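# A look at the structure
Single-letter residue listing:
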Amino acid sequence: MPRGRYALHDPHDHTPLTEEHFQCAPGPSGWRYVSRLTTPSGDHHGSVDLTLDELGRPLRLELHAAGWQVRGAALDGVTWVRTDPTGSHADEGNVRAHAFTGTSPAFLVATTRLLRLTPSASATRVRLVAFTDPVLAPRTVDQSWALVGRETHATDNGPLTVDAYQVTALDTGERYAVHIAGDVVLSAPGVELEDLESPPSSFA
């Protein structure tokens, strides 16, 4: 069960945003990731709880940030309920999308589990609902993902396979690289793996 810490920063000016203390593991249903977020000063900032089924679809998502809360799942596309800090208003949403995304590295792993790409020059298009900071506002985004490389490295704990993805935001054309080993993000825009207590889990 990998356990560690990501440092999240603004991908443009590298301003530190939050630290995400996480643990994740494959399980009977598929894969689960839980984390708590803290500010650079150490204050509580929110949490992520994501469970995928064996096909990579979101069985359950629960996000907390700045008093806002989102609960969602794959249902007629994806469906969610977003609650304001007072708890007096709850907005429901549904979009014909494949899954969710957001600032947490968990969503990068989740997208790769959903797409199951093989190394090739072709890209796969995916529609996602992104919950954006600081108030978890929902926004539908279209991306294309391609697995452009796969390398195996020798480590003290055995071979480690690292997948290199090229992701393109289809609304802006912006491209960026994401490197993932098993269920741990090694590098991505705005994401830095600062601590890992045990090796990544491998998926069957």
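Above this text is the structure in question.
Residues numbered from 1 in each chain as written. Predicted model: local features only at pLDDT ≥ 70, side-chain atom pairs only at ≥ 80, totals over all residues. Heavy atoms only, no water.

## Concerning the packing of aromatic side chains
Inspection of the entire model under this criterion finds six aromatic pairs. Centroid distance Trp 31 to Tyr 33: 5.8 Å. Interplanar angle 45 degrees. Geometry classified as tilted. The burial state of Trp 31 is the same as that of Tyr 33; both residues are buried. (Phe/Tyr/Trp six-rings, centres within 6.5 Å; stacked < 30°, edge-to-face > 60°. Buried < 20%, exposed > 50% of the residue type's maximum accessible area, 1.4 Å probe, protein only.)

## A word on unusual backbone geometry
For the bond from Asp 133 to Pro 134, the omega torsion is 0 degrees, close enough to zero to count as cis. Along the chain, Pro 134 turns up in the loop between strand S10 (124-132) and strand S11 (137-155). Although it is not a glycine, Asp 76 adopts a positive phi angle of roughly 55 degrees. Along the polypeptide, Asp 76 turns up in the loop between strand S6 (68-74) and strand S7 (78-83). Of note in the backbone geometry, Arg 116 takes a positive phi value of approximately 50 degrees without being a glycine. With respect to the helices and strands, the residue Arg 116 is situated in the loop between helix H1 (106-115) and S10. (Helix = DSSP H or I, 4+ residues; strand = E, 2+ residues; numbered from the N terminus.)

## Here we look at the pairing of S7
As paired elements, S6 and S7 share six bridges and run antiparallel to each other. Across the sheet, Val 70 pairs through a bridge with Arg 82, a residue of S7. Two successive antiparallel strands, S6 and S7, enclose a turn made up of three residues, where Asp 76 displays a positive phi of approximately 55 degrees. Of the strand pairs in this sheet, S7 and strand S8 (residues 90-95) are connected by six bridges, and their pairing is antiparallel. Bridging across to S8, Thr 79 finds its partner in Asn 94. Between the antiparallel neighbours S7 and S8 lie six residues, among them Gly 87 with a positive phi of about 80 degrees. (Pairing = 2+ DSSP bridges.)

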